[in-house]
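# Chain and residue survey
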Amino acid sequence: MHRYPQITIAIHWLTAVLVVVAWFTAVGGRHARTDPSYVHFTVGLAVLLLVIPRLVARWLGAGPRIEDPQKRWLDLAARAGHTVLYALLIALPLSGWYAASRLGLSVSIFGIGLPSLATPVQGAPGEIADLHETGGTLILWLAGLHALIALWHQFVLKDRTLERMNPLASPD
Ligand code: HEM
Ligand code: HEM
């Protein structure tokens, strides 16, 4: 198989858009308590919801085969990079949910209220909230690097990597 399944491709691009929207709608510092962004919460939790079927599809072996088995190191580097991205796609929504709970904010997705993950505090929401803020920007940098590497694969190495995620490419 050359391409990812359509469902994986759809989730990949939807997730990319949601991560960017989550970044733009994020509210930190003292405003996080007084004027929180519920769009940020919903969009961020949607990322968590989408990563689950995506990982299940991956574990079921729905990924394309390695294009060039001669370049094992490139394959290993890609796997390591994708693992970090997946880890952030799970850790960010969970740490954000935790941070919101510490700030005493109620969290819901599409109108469905979710339980609080921590006891609310009066002061700063703590280290996990700090890590969430740093990780939230880190994922954007990593995704930018990931996109550049994908373009390098496609146009310099010419190994058709980008086509594997292209929803419009003809199936083969
Ligand atoms: C926030 C934005 C993004 C995130 C979180 C993200 C995440 C990921 C992850 C986790 C994978 C691994 C899929 C798997 O093997 O299960 C992947 C694959 C891929 N991504 Fe992204 N991505 C983002 C944006 C982009 C952009 C902007 C591009 C293109 C310019 C891109 C191109 C690709 C390609 C071509 C693959 C397939 C790589 C391969 O088969 O080795 N991604 N992405
Ligand atoms: C992919 C998902 C997410 C990304 C990329 C992301 C990104 C960010 C960023 C960059 C900040 C810092 C904003 C600033 O300092 O101005 C932030 C803050 C925050 N986010 Fe997220 N976030 C995500 C998911 C979530 C979710 C799901 C929730 C809650 C359910 C959440 C709750 C919060 C809260 C409460 C803060 C403020 C923390 C504080 O002030 O200490 N985030 N987020």
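Everything numeric here is computed off the predicted structure, so don't read it as measured data. (Residues numbered from 1 in each chain as written. Chains lettered and ligands numbered in written order. Predicted model: local features only at pLDDT ≥ 70, side-chain atom pairs only at ≥ 80, totals over all residues. Heavy atoms only, no water.)

### Brief notes about the overall build of the protein chain
Spelled out, the test is: Think of it this way: any DSSP run of H or I at least four residues long counts as a helix, any run of E at least two long counts as a strand, and we number them from the N terminus. Accessible area is worked out with a 1.4 Å probe on protein chains only. A residue is then buried under 20% of its type maximum, exposed over 50%, and partly exposed in between.
Secondary structure assignment for the protein chain yields 5 helices and 2 strands. Ordering the α and β elements of the protein chain from the N terminus gives α-α-α-α-β-β-α. Its C-alpha atoms give the protein chain principal-axis dimensions of about 55 × 25 × 25 Å. The 172 residues of the protein chain split such that 35% are buried.

### Focus on the site of ligand 1
As a reminder of what qualifies: Put simply, a residue is near a molecule or strand once any heavy atom of it comes within 4 Å of that molecule or strand. Identification of polar contacts relies on pairs of N or O atoms within 3.5 Å, with a donor-acceptor requirement for protein atoms, meaning one able to donate a hydrogen and the other able to accept it, and with residues adjacent in sequence counted only if both atoms are side-chain atoms. Under the scheme applied here, ten amino acids are nonpolar (Ala, Val, Leu, Ile, Met, Phe, Trp, Tyr, Cys and Pro), four are charged (Asp, Glu, Lys and Arg), and all others, including Gly, are polar.
Surrounding ligand 1, one finds 18 residues, the nearest of these being Tyr4, His12, Arg58, Tyr86 and His146. Within the contact set of ligand 1, an oxygen atom lies 2.8 Å away from a side-chain nitrogen or oxygen of Tyr4. Between ligand 1 and Arg58 there is a distance of 2.5 Å, counted from an oxygen atom to a side-chain nitrogen or oxygen. Here the shell around ligand 1 is composed, by residue class, of 11 nonpolar, 4 polar and 3 charged.

### Some points on the site of ligand 2
Near ligand 2, the surroundings consist of 24 residues, among which Val27, Gly28, His40, His132 and Glu133 are the closest. Note that an oxygen atom of ligand 2 is positioned 3.3 Å from one of the backbone N or O atoms of Gly28. One of the backbone nitrogen or oxygen atoms of Gly29 is found 3.4 Å away from an oxygen atom of ligand 2. Every element with two or more residues in the shell around ligand 2 is listed here: helix 1 (6–25), helix 3 (38–59), helix 4 (72–102) and helix 5 (127–157).

### What about the coordination of the iron atom of ligand 2?
This is how it is decided: The rule for donors is simple: N, O or S, within 2.8 Å of the metal, or within 3.2 Å if the metal is Na, K or Ca. Water isn't counted, so a site may look like it is missing partners. Any coordination sphere not matching a tetrahedral pattern (four donors, all angles between 85 and 135 degrees) or a square planar or octahedral pattern (four or six donors, opposite donors over 155 degrees apart, other angles between 65 and 115) is reported as irregular.
Coordination of the iron atom of ligand 2 by the protein comes from His40 (NE2) and His132 (NE2), over a distance range of 2.0 Å. Taken together, the 6 donor atoms surrounding the iron atom of ligand 2 define angles of 86 to 180° at the centre, an arrangement classified as octahedral. Note that His40 is positioned in helix 3 and His132 in helix 5, a separation of 92 residues in sequence. By relative accessible area, His40 is classed as buried at 17%.

### Looking at the coordination of the iron atom of ligand 1
At the metal site, the iron atom of ligand 1 is ligated by His12 (NE2) and His146 (NE2), and these contacts range over 2.0 Å. The site at the iron atom of ligand 1 holds 6 donor atoms, and with the angles between them running 87 to 180°, its shape is octahedral. Placement of His12 in helix 1 and of His146 in helix 5 is noted, with a sequence separation of 134 residues between them. On the accessibility criterion, His146 (27% relative accessible area) is partly exposed.

### Comments concerning the UniProt feature "transmembrane region" (unreviewed entry) in the protein chain
To be explicit about the condition: UniProt positions are given in the numbering used here, feature names are shortened, and annotations may be inferred rather than shown by experiment.
As annotated in UniProt, the feature "transmembrane region" (unreviewed entry) corresponds to residues 7–26, 38–56, 76–100 and 138–157 in the numbering used here. Segment residues 76–100 splits into 100% helix and 0% strand. End C-alpha atoms: 36 Å apart. With 100% helix and 0% strand, the stretch residues 138–157 has end C-alpha atoms that lie 27 Å from each other.

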